[in-house]
Protein chains: 2
Amino acid sequence: MQVATAVRVPAPARSAKVRPLRPLLHEVGRERVSCVTCNLRRICMPVDIVDPETKALFASLVSTRVRLRKGEVLFRSGEKFTGLFAIRTGSIKTVTATDDGAEQVSGYHLQGEIVGVEGIGNDVYACNAVALEDTEACTLPFDRIETLAHEDASFQRRLYRLLSSAIVRERTVTLMVGSMRAEQRLASFLLDLSNRYQARGYSPSEFVLRMTREEIGSHLGLKLETVSRLFSRFADEGLILVNGRVIRLLDRLALSQIVSAS
Amino acid sequence: MQVATAVRVPAPARSAKVRPLRPLLHEVGRERVSCVTCNLRRICMPVDIVDPETKALFASLVSTRVRLRKGEVLFRSGEKFTGLFAIRTGSIKTVTATDDGAEQVSGYHLQGEIVGVEGIGNDVYACNAVALEDTEACTLPFDRIETLAHEDASFQRRLYRLLSSAIVRERTVTLMVGSMRAEQRLASFLLDLSNRYQARGYSPSEFVLRMTREEIGSHLGLKLETVSRLFSRFADEGLILVNGRVIRLLDRLALSQIVSAS
DNA sequence: CGACTAGTTGAGGCCAGTCAATGTTGGTGG
DNA sequence: CCACCAACATTGACTGGCCTCAACTAGTCG
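Here is what the cut-offs are and how they apply
Residues numbered from 1 in each chain as written. Chains lettered and ligands numbered in written order. Predicted model: local features only at pLDDT ≥ 70, side-chain atom pairs only at ≥ 80, totals over all residues. Heavy atoms only, no water. Salt bridge = Lys/Arg side-chain N within 4 Å of Asp/Glu carboxyl O. Helix = DSSP H or I, 4+ residues; strand = E, 2+ residues; numbered from the N terminus. Buried < 20%, exposed > 50% of the residue type's maximum accessible area, 1.4 Å probe, protein only. Near = heavy atom within 4 Å. Polar contact = N/O pair within 3.5 Å; in protein donor to acceptor, adjacent residues only side chain to side chain. Contact = heavy atoms within 4.5 Å. Buried area = accessible area lost by both parts, 1.4 Å probe. Nonpolar A, V, L, I, M, F, W, Y, C, P; charged D, E, K, R; others polar. Pairing = 2+ DSSP bridges. Axes fitted to C-alpha atoms, helices over the stretch in contact; angles between N-to-C directions. Domains from an automatic or database assignment. Expected span 1.5 Å × (residues − 1).

Some details on the pattern of salt bridges
And then number 1: Scanning the entire structure with this criterion turns up 28 salt bridges over all chains.
And then number 2: For R157(B), the salt bridge goes to E146(A), with nearest N and O atoms at 2.7 Å. Of this pair, R157(B) sits in helix α4 (residues 153-179) while E146(A) sits in helix α3 (residues 142-151), placing the two residues on different chains.
And then number 3: For R157(B), a relative accessible area of 39% gives the class partly exposed.
And then number 4: The exposure class of E146(A) is partly exposed, given its relative accessible area of 23%.

Observations concerning the protein's contact with DNA strand C
And then number 1: Taken together, 16 residues surround DNA strand C, and among them A182(A), T226(A), S228(B), R229(B) and S232(B) come closest.
And then number 2: Near the protein, meaning within 4 Å, the atoms of DNA strand C are sugar or phosphate in a fraction of 63%, with bases accounting for the rest.
And then number 3: Here K223(A) contributes a backbone N or O atom positioned 3.3 Å from a phosphate oxygen of DNA strand C.
And then number 4: At a separation of 2.9 Å, a base oxygen of DNA strand C approaches a polar side-chain atom of R229(A).
And then number 5: Contributing elements (two or more residues each) for the surface near DNA strand C: α7 (224-236) of chain A together with α7 (224-236) of chain B.

A closer look at the interface of chain A and chain B
And then number 1: Contacts between chain A and chain B engage 42 residues on the former and 42 residues on the latter.
And then number 2: In this assembly, chain A packs against chain B so that about 3,800 Å² is buried in total across both faces, 59% of it on carbon and sulfur atoms.
And then number 3: Considering only the surface of chain A that becomes buried against chain B, Y160(A), R171(A) and L175(A) emerge as the three largest contributors, covering 20% of it.
And then number 4: At the junction of chain A with chain B, the criterion picks out six salt bridges.
And then number 5: Those elements that place two or more of their residues in the side of chain A that touches chain B are β5 (92-97), β6 (103-109), α3, α4 (153-179) and α8 (252-260) of chain A.
And then number 6: A per-element tally of the side of chain A that touches chain B places α4(A) first, with 19 residues.
And then number 7: Each residue belonging to the side of chain A that touches chain B can be placed in one class, and the counts come to 19 nonpolar, 15 polar and eight charged.

Looking at the sheet that holds strand β11 (residues 240-243) of chain B
The strands making up a sheet are joined through hydrogen bonds of the backbone, oriented either antiparallel or parallel.
All names here are of chain B.
And then number 1: Taking strand neighbours across the sheet as the criterion, the three strands line up as β10-β12-β11 in an open arrangement whose pairing is antiparallel. Sheet topology places β10 (206-208) and β11 at the edges, where each strand pairs with a single neighbour. Between one strand axis and the next, the sheet turns through 15° on average, direction left out of account.
And then number 2: Note that β10 and strand β12 (residues 246-249) share three bridges and pair antiparallel. Each residue of the ladder has a partner; that of V208, found in β12, is V246.
And then number 3: In the packing of α7 onto the sheet, contacts are made with β11 and β12, and the angle to β11 comes to roughly 130°.

Comments concerning the domain arrangement of chain A
You'll often see interface size given as the accessible area lost when the parts meet.
Residues and elements named next belong to chain A.
And then number 1: On domain assignment, one finds that chain A holds domain 1 (26-175) and domain 2 (180-260).
And then number 2: Distance from the C-alpha centre of domain 1 to the C-alpha centre of domain 2: 26 Å.
And then number 3: Contacts between the two partners involve 17 residues from domain 1 and, on the opposite side, 16 residues from domain 2.
And then number 4: Buried surface at the junction of domain 1 and domain 2, summed over both partners, amounts to about 1,500 Å²; 51% is from carbon and sulfur atoms.
And then number 5: In terms of surface lost to domain 2, no three residues of domain 1 exceed V105, Y108 and L110, which account for 43% of the buried area on that side.
And then number 6: Summed over the shared surface of domain 1 and domain 2, the result is four salt bridges.
And then number 7: Salt-bridge contacts for K93 lead to E215; the nearest nitrogen and oxygen are separated by 2.7 Å.
And then number 8: Where domain 1 touches domain 2, the interface holds eleven residue pairs in polar contact (both at pLDDT 80 or more).
And then number 9: Within the residue set of the side of domain 1 that touches domain 2, elements represented by two or more residues are β6 and α4.
And then number 10: For the side of domain 1 that touches domain 2, the element with the highest residue contribution is β6, accounting for seven residues.
And then number 11: Residues that form the side of domain 1 that touches domain 2 fall into these classes: seven nonpolar, six polar and four charged.

Here we look at helix α5 (residues 182-199) of chain A
Residues and elements named next belong to chain A.
And then number 1: In this model α5 runs 26 Å from its N-terminal to its C-terminal C-alpha over 18 residues, within 8% of the 26 Å that 1.5 Å per residue would give.
And then number 2: Of all the 18 residues making up α5, 13 are buried; the element is thus mostly covered by neighbouring parts of the structure.
And then number 3: Looking one or two residues beyond α5, the residue adopting positive phi is G201, at roughly 85°.

Considerations on the pairing of β11(B)
All names here are of chain B.
And then number 1: Where β11 and β12 come together, four bridges link them in antiparallel fashion. Paired with V242 across the bridge in β12 is I247.
And then number 2: Where β11 folds back onto β12 in an antiparallel hairpin, the turn is made up of two residues, including G244, whose phi is positive at roughly 65°.

As for the protein's contact with DNA strand D
And then number 1: Contacts to DNA strand D come from 17 residues, most closely from R213(A), S228(A), S232(A), A182(B) and T226(B).
And then number 2: One nitrogen or oxygen atom from the side chain of R213(A) is found 2.8 Å from a phosphate oxygen belonging to DNA strand D.
And then number 3: Separating a base nitrogen of DNA strand D from a side-chain N or O atom of E225(B) is a distance of 3.3 Å.
And then number 4: Mapped by element, the contributors of at least two residues to the surface near DNA strand D are α7 of chain A together with α7 of chain B.
And then number 5: Top contributing element to the surface near DNA strand D by residue count: α7(A), with five residues.

Brief notes about the pairing of strand β5 (residues 92-97) of chain B
Residues and elements named next belong to chain B.
And then number 1: Taken across its six residues, β5 has five buried, putting it largely inside the fold.
And then number 2: Pairing between β5 and strand β6 (residues 103-109): six bridges, direction antiparallel. Counterpart to K93 in the pairing with β6 is Y108.
And then number 3: Counting the residues that bridge the hairpin from β5 to β6 gives five residues, and of these G101 lies at a positive phi of roughly 90°.
And then number 4: In the sheet, β5 pairs with strand β8 (residues 128-131) via four bridges, with the strands oriented antiparallel. Note on β8: the bridge partner recorded for V95 is N128.

This is the structure:
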């Protein structure tokens, strides 16, 4: 209910000058920002940028960075599409709503991931993107993306891949929600997170969930009580350790067996 | 179970020369094929192609057409991505499978729609596309799409739109499957079909389902018995008329109220 | 005709939702 | 520092919607 509208008021002292259009976003001032030197490059924009020409192009891709506090909104559904955002630190949930008022957490995005892709062709964003913790994101203005894509074929490919991967990912979620039992969905969710943390160089067996039980449930098509019960049951069965939002996976094999069971 | 593997043997007399790589597909021989003169253009490729230069480009977009009989496969998951397909007549279901053997009908595509988009960035198709009836599809080889997109900005935009719309559509399905009750899902499915048929100039209130109850159920995350029961119940309540796969919507307002209920 | 597929309908069971009580945590102000 | 409150989380009891199993019908094809 209050998920999408939970825009906490930013600390007033933090930023003196408040922009009229995006009062909630704090631009990270003069800080030098470039994909070329970014250490998330291999996850975020895995294009070969040794070529000096490409390098020059890439240097102009990111204009500014934006800083969000927990609960603040990066973009809203229906807002004019201005570009993509790459998460540098922190994490973001995307919330999709229907006309009927139904609302669902459609995505949980970590460091190095790019959000906003569903807005590319339609001129408007199609979901709300909300910071789950203090988060920094690079802005990738769409005109620059277009230019770069037009001038560099490998980047163009990368952009296509970004979009089609999003389709495949959505489809996987649909399949999971549509054909799996609750325990399978949660196990699948945990293993997916584990893989993504591992790909980022973090421990695949211990991580902190940035979402509430209710948000996880919404994402998986379950109720919060069901999520809570399943965490407890997995813990009882020795598959995981649960300490609030800190999760340790003890038996990933067993979890994957649950996913593929019957 | 037999959904994806139900490749009926094509009539042997129909096509004398059998291609080695795609023995199941019948190319439509010398027939003149061009987007420029196609009467599905406004649905399929709504770009302005009055400009003579664009016209020339478009003339080269579609190379051949392919003819499928009911049950034949247009492309398979894992197969190398060669391009997109535009459905000229007939209809196609896309079936997505997980590693665990779980399988789900992920899409139901009508005349004028384009399938294969999820393969664009990944070099392989990510689902099986199966003809639900005798179907003709235009092949849009990816190299030509790339060329055209590079040379014509409005087509590039159209391509982005195609991809992002697919994301949004998938997300809608996820939301439906994840947060709606069975009757809401079926009502939503029927209304969606109604709208799409209307957009194609067909009756929005009477159409023929090309999928079995089981396939519909799979698409909506339900069992076939549930789908059947709901059809009967909607019919009892005077909302629809059911005669096998022929559906007539009697009260679309009531159906949309079911969708948005609670 | 027999075999098969698709669809309908009924009976019963189970998984997950609902409602409710209680515990835990983190932030705020006195 | 502690009391207090709100948000988050856990657990129990119960309900109900959908699944499962099963029987039966209708249509199709060889």
